[in-house]
Amino acid sequence: MNLAGKYLQTAKAQIEALGDSQMPHIETAAGWFAEAMSAGRLVYIFGTGHSHMLAEELFYRAGGLARVVPMLHPPLMLHESASGSTQAERDPNVVGELLKQYPMGGGDVLVVASNSGRNACPIELAMVAKERSVRTIAIVNAEHSAKWASRHPSGKRLGDVVDLVIDNCGVEGDACVPLPESGLFVGATSTVTGCLIMQMIACRATEMLYAAGTPPELYQSSNANHDERNAALIAEYKPTNPHL
């Protein structure tokens, strides 16, 4: 089997492990999404580096929940400076800037995606959110996080400070396919499993809201004659979502 096949095989195994072990946590997260949205509150999603893609996964796309707000702070992303983002995600003081742009409060939900669960900025954000009575969910690689010390001054990892942890069932270091006789690995999986988790939560939350008689507002494909529907949602949510 070549390395493409090995990656596919490993990714499938992680998805199966996720399905076997994480469904109760996904159910809880979906319930929190549904409760917040039915009360007119928002779901904020945050990640640094490549984990920011999980924030974009549920935002403004076909089937996307209108009450999702991605937290997209350029210094923590990759497009301006990849090395700079690595330093920024280790700085807890960045959270002050984040909260100026995303004023979350009681009744809202925050999802923090961090494969390692050790960097100071995601941990600090989760801690401050809890102080504001925001329900907090972490998506982490439990195996990796358990093996590496926190970079937060408290010494706590992300999983220690949130209300709910969902394990992406990845391997230490994320890249999962070994290169023979090199000691190196290729083929990261945290985006594949992380985005899967986000969509599973969204699908189940939508189902719950329909069952309760409070169907959520959903974006549909802009390339399938849904411009009028999407424009109405943009107009409604632009005041609370800076990325619309």
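Residues numbered from 1 in each chain as written. Predicted model: local features only at pLDDT ≥ 70, side-chain atom pairs only at ≥ 80, totals over all residues. Heavy atoms only, no water.

(A) Main features of the environment of Pro216. Relative to the elements of secondary structure, Pro216 occurs in the loop between α9 (190–211) and α10 (227–237). Judged by relative accessible area, Pro216 falls into the buried class, the value being 13%. With sequence-adjacent residues up to four places away left out, Pro216 is seen in contact with Leu65, Thr206, Leu209 and Tyr210. (Helix = DSSP H or I, 4+ residues; strand = E, 2+ residues; numbered from the N terminus. Buried < 20%, exposed > 50% of the residue type's maximum accessible area, 1.4 Å probe, protein only. Contact = heavy atoms within 4.5 Å.)

(B) Summary view of the pairing of strand β2 (residues 68–71). On β2, burial covers both faces: Val68 and Pro70 on one face and Val69 and Met71 on the other are all buried. Note on the crossover from strand β1 (residues 43–47) through helix α3 (residues 52–57) to β2: the handedness is right-handed. (Right-handed = clockwise from strand over helix to strand, strands pointing away.)

(C) Up close: the pattern of salt bridges. Taken as a whole and judged by the stated rule, the model has nine salt bridges. Two residues, Arg41 and Asp108, come together in a salt bridge whose shortest N-O distance is 3.1 Å. With a gap of 67 residues between them, Arg41 in the loop between α2 (23–38) and β1 and Asp108 in the loop between α5 (94–101) and β3 (109–113) connect regions that are remote in the sequence. The residue Lys147 makes a salt bridge to Glu172 at a minimum N-O spacing of 3.3 Å. Of this pair, Lys147 sits in helix α7 (residues 142–147) while Glu172 sits in the loop between β5 (164–167) and β6 (175–178), and the two are 25 residues apart along the sequence. Each of Glu27, Arg204 and Glu207 takes part in salt bridges that share partners, so that together they form one network. (Salt bridge = Lys/Arg side-chain N within 4 Å of Asp/Glu carboxyl O.)

(D) Here's a closer look at the pairing of β3. Counting buried residues along β3, five of its five residues qualify, which places the element largely inside the surrounding structure. Where β1 lies against β3, five bridges are found, and the strand directions are parallel. Its bridge partner being in β3, Phe46 is matched across the sheet by Val112. Relative to strand β4 (residues 135–140), β3 runs parallel, the two being bridged by five bridges. Directly across from Val109, in β4, lies its bridge partner Arg135. Remark: the β3/helix α6 (residues 120–131)/β4 crossover connection has right-handed handedness. (Pairing = 2+ DSSP bridges.)

(E) A look at the side chain of Asn119. Looking at the element boundaries, Asn119 is found in the loop between β3 and α6. At 2.8 Å, the side chain of Asn119 and the side chain of Arg151 are in polar contact. What Asn119 contacts, discounting residues up to four positions off in sequence, is Glu89, Arg90 and Arg151. (Polar contact = N/O pair within 3.5 Å; in protein donor to acceptor, adjacent residues only side chain to side chain.)

(F) How the structure looks around the nonpolar core. Judged by nonpolar contacts, the single largest core of 62 residues is most densely connected at Phe33 and Leu110. Excluding residues that lie within four positions of it along the chain, Phe33 makes contacts with Val43, Leu58, Leu65, Val109, Val111, Ile137, Met198, Ile201 and Ala205. If you look at the next biggest cluster of nonpolar residues, it comprises six residues, including Phe59, Ala66, Leu233 and Tyr237. (Core = buried A, V, L, I, M, F, W, Y, C linked by side-chain atoms within 4.5 Å.)

(G) Spatial organisation of α2. The end-to-end C-alpha distance of α2, which contains 16 residues, comes to 22 Å, matching closely the 22 Å that a straight helix rising 1.5 Å per residue would cover. Here α2 has its buried residues at Ile26, Ala29, Ala30, Trp32, Phe33, Ala34, Ala36 and Met37. Just downstream of α2, Gly40 is the residue with a positive phi angle, here 80°. (Expected span 1.5 Å × (residues − 1).)

(H) Summary view of the packing of helix α1 (residues 3–21) against α9. The N-to-C vectors of α1 and α9 enclose an angle of 35°; their axes lie 10 Å apart at closest approach. Handedness of the crossing formed by α1 with α9: right-handed. Residues Tyr7, Gln14, Ile15 and Leu18 of α1 touch α9, and the partners they reach there are Val192, Thr193, Leu196, Ile197 and Met200. Per-class residue counts for the contact of α1 with α9 are seven nonpolar, two polar and no charged. (Axes fitted to C-alpha atoms, helices over the stretch in contact; angles between N-to-C directions. Left-handed = near helix turned anticlockwise from the far one by under 90°. Nonpolar A, V, L, I, M, F, W, Y, C, P; charged D, E, K, R; others polar.)

(I) The sheet that holds β2, seen in detail. Strand order across the open sheet formed by five strands is β2-β1-β3-β4-β5, with parallel pairing between neighbours. Only two strands of the sheet have a single neighbouring strand rather than two, namely β2 and β5. Adjacent strand axes in the sheet meet at a mean angle of 20° when their direction is disregarded.

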